[in-house]
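An overview of the molecular structure
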Amino acid sequence: MIMKTCTTCGETKSEELFYNGYYRCKDCQKEYMASYYKRNTEKLKKASANWKKENPEKAKAHVTNWKKENPEKEKARQTKYRKENPEKRAKWRKENPERAKTLSSEWYKNNAEWVKLVSTKWRKENPERMKTLRTEWRKENPEKVKALQTEYIGELKTGYVKKQIKQRFGLANPPEELIEGIRQQIKFKRLLKIKKDEKSIDAS
Ligand SMILES: [Zn+2]
């Protein structure tokens, strides 16, 4: 084993405990760098900002690379930033509505599985909050509600009704009249439910 003596702490250590070509041991070198950074923070920050200004492409590539190599850290950094700067985020979203929309829909696409999992869990744990949210959304989007209702009532295709009949009565090949009768019955029930929902919205 090759030994070396550190010029800072004076200890004799294995060569592995030194960075290549250094006379300070790794521990002392780390300490030295930390204190150097502390003493020159402003200067170093300025130099780094200057370098970024003069090498925008390289700086960008640097950041992109780092993000790619440290996805977990980047995720944590973003979460922390969002938590600490809610007003900045809101302001940015307000000023860039289109971009914000695209970004969030991209995000949802990329995290669909996770969103599904979390939202199912959240819905289960917050039934009251969910109810309020739904009511609020319905209040603010009357046209969408109407469209959804039309779709809901209109989409009573024969296949669906047949399935319902099979489940309810165990009939595999129901006659035409029965299909039509059940279809009307389901429509009526759905309409009643919608009326009830509308009343509860009006009352809230
Ligand atoms: Zn040392």
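All values reported here derive from a predicted model rather than from experimental measurement. (Residues numbered from 1 in each chain as written. Predicted model: local features only at pLDDT ≥ 70, side-chain atom pairs only at ≥ 80, totals over all residues.)

Our next topic: the overall build of the chain. Tallying secondary structure elements over the chain gives eleven helices and two strands in all. Helices (α) and strands (β) of the chain occur, in sequence order from the N terminus, as β-β-α-α-α-α-α-α-α-α-α-α-α. Reported as C-alpha extents along the three principal axes, the dimensions of the chain are approximately 100 × 45 × 35 Å. Looking at the chain residue by residue over its 204 residues, the buried ones come to 2%. In the chain, the proportion of contacts linking residues at least 24 apart, taken out of those at least 6 apart, comes to 19%. (Helix = DSSP H or I, 4+ residues; strand = E, 2+ residues; numbered from the N terminus. Buried ≥ 20, exposed ≤ 12 C-beta atoms within 10 Å, placed from the backbone. Contact = placed C-beta atoms within 7 Å.)

Time to look at helix 1 (residues 26–39). Here helix 1 is 14 residues long and its end C-alpha atoms lie 20 Å apart, about the 20 Å a rise of 1.5 Å per residue gives. The buried fraction of helix 1 amounts to zero of the 14 residues, a small share that puts the element mostly on the outside. (Expected span 1.5 Å × (residues − 1).)

A word on the domain arrangement of the chain. The figure often quoted for interface size is the accessible area lost as the parts come together. Domain boundaries assigned for the chain yield domain 1 (1–39), domain 2 (70–110), domain 3 (112–140) and domain 4 (142–203). The gap between the C-alpha centroids of domain 1 and domain 2 is 42 Å. (Domains from an automatic or database assignment.)

On to helix 10 (residues 158–169), then. In this model helix 10 runs 16 Å from its N-terminal to its C-terminal C-alpha over twelve residues, within 8% of the 16 Å that 1.5 Å per residue would give. Once helix 10 ends, the next one or two residues include Gly 170, with phi positive near 70°.

A separate point is the environment of Trp 107. By the secondary structure assignment, Trp 107 is in helix 6 (residues 97–110). Note on Trp 107: 11 C-beta atoms within 10 Å, which makes it exposed. For Trp 107 and His 62, which are 45 residues apart along the polypeptide, the C-alpha to C-alpha distance reads 23 Å.

What follows concerns the environment of Glu 87. In this fold, Glu 87 is placed in helix 5 (residues 86–95). For Glu 87, a count of 7 C-beta atoms within 10 Å translates into the label exposed. Separated by 29 residues in the primary sequence, Glu 87 and Lys 58 have C-alpha atoms spaced 30 Å apart.

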